[in-house]
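Here is how the chains run, residue by residue.
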Amino acid sequence: MAGLDESGSNPDVDLLYDINGLAKDTPSWFDSALTFVGEYGLLLALVLLVLWCWWGQRKRGTLDDAASSVAAVVWAPLAAGIAVLVNIPIRSFVERPRPFRVHRGVELLVDGKNDYSFVSDHATLAMAIGAGLFVANRKFGIVGLCLAAVEGFCRVFMGVHYPTDVVGGFALGTAVALLLSPLAMALLTPLTKMIGRSGRAGWLVWDRKVAPVAAPLNGAATTRAGGAAGTPGPAGAPGAASVDPDERDLAA
(Lines give C-alpha, C1' and ligand atoms only; values in the text may rest on other atoms or scores of the structure.)
Protein backbone atom coordinates (compact mmCIF):
# COMPACT_ATOMS: atom_id res chain seq x y z
CA MET A 1 0.00 0.00 0.00
CA ALA A 2 1.73 3.14 -1.17
CA GLY A 3 -0.81 5.23 0.70
CA LEU A 4 1.12 8.51 0.63
CA ASP A 5 1.31 11.04 -2.19
CA GLU A 6 4.61 10.62 -4.02
CA SER A 7 4.12 13.42 -6.55
CA GLY A 8 6.52 16.30 -6.76
CA SER A 9 3.87 18.99 -6.25
CA ASN A 10 3.13 18.73 -2.55
CA PRO A 11 4.64 20.49 0.50
CA ASP A 12 6.24 17.27 1.76
CA VAL A 13 8.29 16.82 -1.40
CA ASP A 14 9.01 20.53 -1.69
CA LEU A 15 10.44 20.56 1.82
CA LEU A 16 12.44 17.43 1.00
CA TYR A 17 14.09 19.23 -1.91
CA ASP A 18 14.68 22.36 0.18
CA ILE A 19 16.47 20.50 2.98
CA ASN A 20 18.22 17.86 0.90
CA GLY A 21 19.22 20.51 -1.63
CA LEU A 22 21.46 22.09 0.98
CA ALA A 23 23.84 19.17 0.44
CA LYS A 24 24.62 20.50 -3.03
CA ASP A 25 25.98 23.74 -1.60
CA THR A 26 27.98 22.32 1.32
CA PRO A 27 31.51 20.87 1.17
CA SER A 28 31.87 17.09 1.00
CA TRP A 29 33.49 16.89 4.44
CA PHE A 30 30.46 18.60 5.97
CA ASP A 31 28.12 16.17 4.22
CA SER A 32 30.18 13.23 5.51
CA ALA A 33 30.21 14.62 9.03
CA LEU A 34 26.47 15.26 9.08
CA THR A 35 25.84 11.81 7.63
CA PHE A 36 27.84 10.21 10.46
CA VAL A 37 26.00 12.33 13.00
CA GLY A 38 22.61 11.44 11.56
CA GLU A 39 23.37 7.74 11.20
CA TYR A 40 25.26 7.03 14.43
CA GLY A 41 26.38 10.13 16.34
CA LEU A 42 23.09 11.44 17.67
CA LEU A 43 21.88 8.01 18.77
CA LEU A 44 25.16 7.53 20.63
CA ALA A 45 24.73 10.97 22.22
CA LEU A 46 21.24 9.98 23.38
CA VAL A 47 22.58 6.78 24.93
CA LEU A 48 25.21 8.80 26.81
CA LEU A 49 22.49 11.24 27.88
CA VAL A 50 20.46 8.35 29.32
CA LEU A 51 23.51 7.13 31.25
CA TRP A 52 24.20 10.64 32.56
CA CYS A 53 20.60 11.04 33.67
CA TRP A 54 20.63 7.60 35.36
CA TRP A 55 23.80 8.46 37.28
CA GLY A 56 22.21 11.61 38.66
CA GLN A 57 18.82 10.07 39.47
CA ARG A 58 20.54 7.54 41.73
CA LYS A 59 21.28 10.41 44.14
CA ARG A 60 17.70 11.29 44.99
CA GLY A 61 18.18 10.79 48.75
CA THR A 62 15.72 8.01 49.59
CA LEU A 63 15.33 4.59 48.05
CA ASP A 64 11.72 5.25 47.03
CA ASP A 65 12.61 8.48 45.23
CA ALA A 66 15.67 6.99 43.56
CA ALA A 67 13.85 3.83 42.51
CA SER A 68 10.98 5.67 40.82
CA SER A 69 13.40 8.07 39.11
CA VAL A 70 15.69 5.31 37.85
CA ALA A 71 12.66 3.35 36.66
CA ALA A 72 11.65 6.36 34.55
CA VAL A 73 15.15 6.57 33.06
CA VAL A 74 15.17 2.85 32.27
CA TRP A 75 11.84 3.26 30.51
CA ALA A 76 13.32 5.69 27.96
CA PRO A 77 15.43 3.13 26.00
CA LEU A 78 12.79 0.45 26.52
CA ALA A 79 10.18 2.76 24.98
CA ALA A 80 12.50 3.32 22.01
CA GLY A 81 12.83 -0.41 21.44
CA ILE A 82 9.07 -0.97 21.66
CA ALA A 83 8.38 1.93 19.29
CA VAL A 84 10.71 0.46 16.66
CA LEU A 85 8.95 -2.91 16.98
CA VAL A 86 5.60 -1.18 16.49
CA ASN A 87 7.01 0.48 13.37
CA ILE A 88 7.70 -2.86 11.66
CA PRO A 89 4.06 -3.58 10.71
CA ILE A 90 3.47 0.11 9.93
CA ARG A 91 6.25 0.10 7.34
CA SER A 92 5.00 -3.13 5.81
CA PHE A 93 1.47 -1.74 5.59
CA VAL A 94 2.31 1.66 4.09
CA GLU A 95 5.14 0.44 1.80
CA ARG A 96 6.40 3.91 0.99
CA PRO A 97 9.58 3.88 -1.14
CA ARG A 98 12.58 5.93 -0.15
CA PRO A 99 12.52 9.42 -1.69
CA PHE A 100 15.70 8.89 -3.74
CA ARG A 101 13.94 6.01 -5.51
CA VAL A 102 11.01 8.16 -6.59
CA HIS A 103 12.29 11.69 -7.15
CA ARG A 104 15.08 12.84 -9.40
CA GLY A 105 17.74 15.13 -8.08
CA VAL A 106 17.68 13.86 -4.48
CA GLU A 107 21.21 13.75 -3.07
CA LEU A 108 21.72 10.37 -1.39
CA LEU A 109 24.47 10.63 1.21
CA VAL A 110 24.38 7.08 2.61
CA ASP A 111 24.14 3.70 0.91
CA GLY A 112 22.28 0.54 1.86
CA LYS A 113 18.83 2.03 2.44
CA ASN A 114 16.70 -0.42 0.51
CA ASP A 115 13.75 -0.82 2.87
CA TYR A 116 10.64 1.34 3.11
CA SER A 117 10.64 4.94 4.24
CA PHE A 118 7.59 5.56 6.46
CA VAL A 119 8.13 5.96 9.35
CA SER A 120 11.75 6.76 10.17
CA ASP A 121 13.30 4.34 12.67
CA HIS A 122 15.97 6.87 13.65
CA ALA A 123 13.39 9.59 14.31
CA THR A 124 11.25 7.12 16.26
CA LEU A 125 14.17 5.98 18.42
CA ALA A 126 15.41 9.50 19.10
CA MET A 127 12.02 10.94 20.02
CA ALA A 128 11.05 7.97 22.20
CA ILE A 129 14.25 8.40 24.20
CA GLY A 130 13.77 12.17 24.41
CA ALA A 131 10.15 11.86 25.57
CA GLY A 132 11.07 9.09 28.00
CA LEU A 133 13.82 11.23 29.51
CA PHE A 134 11.37 14.11 29.83
CA VAL A 135 9.24 11.90 32.06
CA ALA A 136 12.29 11.20 34.23
CA ASN A 137 13.86 14.67 34.27
CA ARG A 138 12.73 17.77 32.43
CA LYS A 139 16.18 19.24 31.84
CA PHE A 140 17.59 16.03 30.37
CA GLY A 141 14.35 15.54 28.47
CA ILE A 142 14.59 18.94 26.78
CA VAL A 143 18.14 18.13 25.66
CA GLY A 144 16.94 14.77 24.36
CA LEU A 145 14.08 16.35 22.44
CA CYS A 146 16.47 18.84 20.84
CA LEU A 147 18.77 16.01 19.77
CA ALA A 148 15.77 14.19 18.30
CA ALA A 149 14.86 17.28 16.27
CA VAL A 150 18.40 17.44 14.87
CA GLU A 151 18.17 13.73 14.06
CA GLY A 152 15.03 14.34 12.05
CA PHE A 153 16.68 17.14 10.08
CA CYS A 154 19.68 14.92 9.32
CA ARG A 155 17.52 12.11 7.95
CA VAL A 156 15.91 14.46 5.42
CA PHE A 157 19.23 16.15 4.63
CA MET A 158 20.74 12.73 3.85
CA GLY A 159 17.97 12.03 1.32
CA VAL A 160 16.71 8.85 3.00
CA HIS A 161 13.40 10.17 4.39
CA TYR A 162 10.59 12.56 3.60
CA PRO A 163 9.75 15.17 6.26
CA THR A 164 6.50 13.32 6.97
CA ASP A 165 8.51 10.15 7.66
CA VAL A 166 10.28 12.08 10.40
CA VAL A 167 7.08 13.63 11.76
CA GLY A 168 5.50 10.18 11.83
CA GLY A 169 8.50 8.84 13.72
CA PHE A 170 8.26 11.69 16.23
CA ALA A 171 4.56 10.98 16.76
CA LEU A 172 5.12 7.23 17.16
CA GLY A 173 8.03 7.62 19.58
CA THR A 174 6.16 10.17 21.69
CA ALA A 175 2.98 8.11 21.80
CA VAL A 176 4.74 4.94 22.95
CA ALA A 177 6.89 6.75 25.54
CA LEU A 178 4.02 8.72 27.09
CA LEU A 179 0.99 6.47 26.71
CA LEU A 180 2.71 3.37 28.05
CA SER A 181 4.61 5.24 30.76
CA PRO A 182 2.07 4.60 33.60
CA LEU A 183 2.10 0.85 32.93
CA ALA A 184 5.88 0.81 32.58
CA MET A 185 6.35 2.67 35.86
CA ALA A 186 3.98 0.32 37.66
CA LEU A 187 6.10 -2.63 36.50
CA LEU A 188 9.58 -1.14 36.70
CA THR A 189 9.39 0.71 40.02
CA PRO A 190 8.96 -2.41 42.21
CA LEU A 191 11.82 -4.02 40.30
CA THR A 192 14.15 -1.08 40.83
CA LYS A 193 13.22 -0.96 44.53
CA MET A 194 14.09 -4.64 44.87
CA ILE A 195 17.44 -4.05 43.16
CA GLY A 196 18.06 -1.01 45.35
CA ARG A 197 17.65 -3.08 48.50
CA SER A 198 20.15 -5.70 47.36
CA GLY A 199 23.70 -5.57 48.66
CA ARG A 200 25.79 -5.87 45.51
CA ALA A 201 23.56 -4.38 42.84
CA GLY A 202 21.93 -1.69 44.96
CA TRP A 203 24.28 1.02 43.65
CA LEU A 204 22.63 0.69 40.25
CA VAL A 205 19.49 2.26 41.72
CA TRP A 206 20.45 4.15 44.86
CA ASP A 207 23.53 6.01 46.02
CA ARG A 208 23.45 5.38 49.77
CA LYS A 209 25.98 8.17 50.36
CA VAL A 210 23.21 10.73 49.98
CA ALA A 211 20.64 8.75 51.99
CA PRO A 212 18.94 10.58 54.89
CA VAL A 213 20.44 9.96 58.33
CA ALA A 214 18.80 10.10 61.75
CA ALA A 215 17.26 13.47 62.61
CA PRO A 216 18.85 15.52 65.44
CA LEU A 217 16.97 16.54 68.58
CA ASN A 218 15.56 19.66 66.93
CA GLY A 219 13.74 17.42 64.46
CA ALA A 220 15.44 18.70 61.29
CA ALA A 221 16.37 15.81 59.02
CA THR A 222 19.90 15.80 57.62
CA THR A 223 21.63 14.05 54.79
CA ARG A 224 25.13 12.74 54.33
CA ALA A 225 25.54 15.00 51.30
CA GLY A 226 24.63 18.28 53.03
CA GLY A 227 23.32 19.98 56.14
CA ALA A 228 19.88 20.04 57.68
CA ALA A 229 17.01 19.76 55.26
CA GLY A 230 16.16 23.19 53.87
CA THR A 231 19.25 24.81 55.45
CA PRO A 232 22.71 25.46 54.04
CA GLY A 233 25.25 22.66 54.38
CA PRO A 234 28.80 23.06 55.67
CA ALA A 235 29.95 24.78 52.49
CA GLY A 236 26.88 26.98 52.19
CA ALA A 237 25.17 24.60 49.74
CA PRO A 238 21.47 23.94 50.30
CA GLY A 239 20.51 20.72 52.02
CA ALA A 240 19.04 17.73 50.23
CA ALA A 241 15.49 18.92 50.81
CA SER A 242 16.09 21.98 48.60
CA VAL A 243 15.53 20.37 45.26
CA ASP A 244 15.25 22.28 42.04
CA PRO A 245 11.67 21.74 40.80
CA ASP A 246 13.05 21.12 37.31
CA GLU A 247 15.01 18.16 38.67
CA ARG A 248 11.95 16.37 39.97
CA ASP A 249 10.82 13.59 37.67
CA LEU A 250 7.32 13.74 36.29
CA ALA A 251 6.72 10.06 36.93
CA ALA A 252 6.95 10.32 40.72
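Our subject is the structure that appears above.
Predicted, not measured: the structure shown is a model, and the values here were computed from it.

What counts as what
- Residues numbered from 1 in each chain as written.
- Predicted model: local features only at pLDDT ≥ 70, side-chain atom pairs only at ≥ 80, totals over all residues.
- Heavy atoms only, no water.
- Helix = DSSP H or I, 4+ residues; strand = E, 2+ residues; numbered from the N terminus.
- Buried < 20%, exposed > 50% of the residue type's maximum accessible area, 1.4 Å probe, protein only.
- Contact = heavy atoms within 4.5 Å.
- Areas by Shrake-Rupley, 256 points an atom, 1.4 Å probe, with all protein chains shown as cover.
- Phe/Tyr/Trp six-rings, centres within 6.5 Å; stacked < 30°, edge-to-face > 60°.
- Core = buried A, V, L, I, M, F, W, Y, C linked by side-chain atoms within 4.5 Å.

J.: Describe in detail the overall build of the chain, supporting the description with residues and values.
T.: A tally of helices and strands in the chain yields eight helices and two strands. Secondary structure of the chain in N-to-C order comes out as α-α-α-α-α-α-α-α-β-β. Burial analysis of the chain (252 residues in total) assigns 45% to the buried set. Put simply, 73% of the contacts in the chain that link residues at least 6 apart link residues at least 24 apart. For the chain, the computed accessible surface area is about 12,500 Å², with 68% contributed by carbon and sulfur atoms.

J.: Quick rundown of the packing of aromatic side chains? Include the residues and the values.
T.: For any pair of aromatic rings, the description rests on two quantities: the centre-to-centre distance and the angle between the ring planes. Per the counting criterion, the structure on display carries seven aromatic pairs. Taking 5.4 Å as the distance between ring centres and 85° as the angle between the ring planes, the aromatic pair formed by Trp52 and Phe140 counts as edge-to-face. Placement of Trp52 in helix α2 (residues 28-57) and of Phe140 in helix α6 (residues 138-157) is noted, with a sequence separation of 88 residues between them. An angle of 70° between the planes, with centres 5.6 Å apart, marks the rings of Trp54 and Trp55 as edge-to-face.

J.: I'd love a proper account of the environment of Ser117, names of residues and values included.
T.: Relative to the elements of secondary structure, Ser117 occurs in the loop between α4 (99-102) and α5 (121-136). Ser117 sits in the buried class, given a relative accessible area of 0%.

J.: Lay out unusual backbone geometry with the relevant residues and their values.
T.: A cis amide bond links Phe118 to the next residue, Val119, at an omega of 0°. If you trace the backbone, Val119 turns up in the loop between α4 and α5. Notably, Glu95 is not glycine yet its phi reads approximately 55°, a positive angle. Considering the arrangement of structural elements, one finds Glu95 in the loop between α3 (63-94) and α4.

J.: Please set out the nonpolar core residue by residue, giving values where relevant.
T.: Ranked by size, the top nonpolar core spans 51 residues in total, and within it Leu46, Val73, Ile129, Leu133 and Phe170 carry the most contacts. Contributing elements (two or more residues each) for this core: α1 (11-20), α2, α3, α5, α6, α7 (163-179) and α8 (181-197). Excluding residues that lie within four positions of it along the chain, Leu46 makes contacts with Ala126, Ile129, Gly144 and Leu147. Ranked by size, the runner-up nonpolar core spans five residues in total, among them Leu63, Ala66, Ala67 and Trp206.

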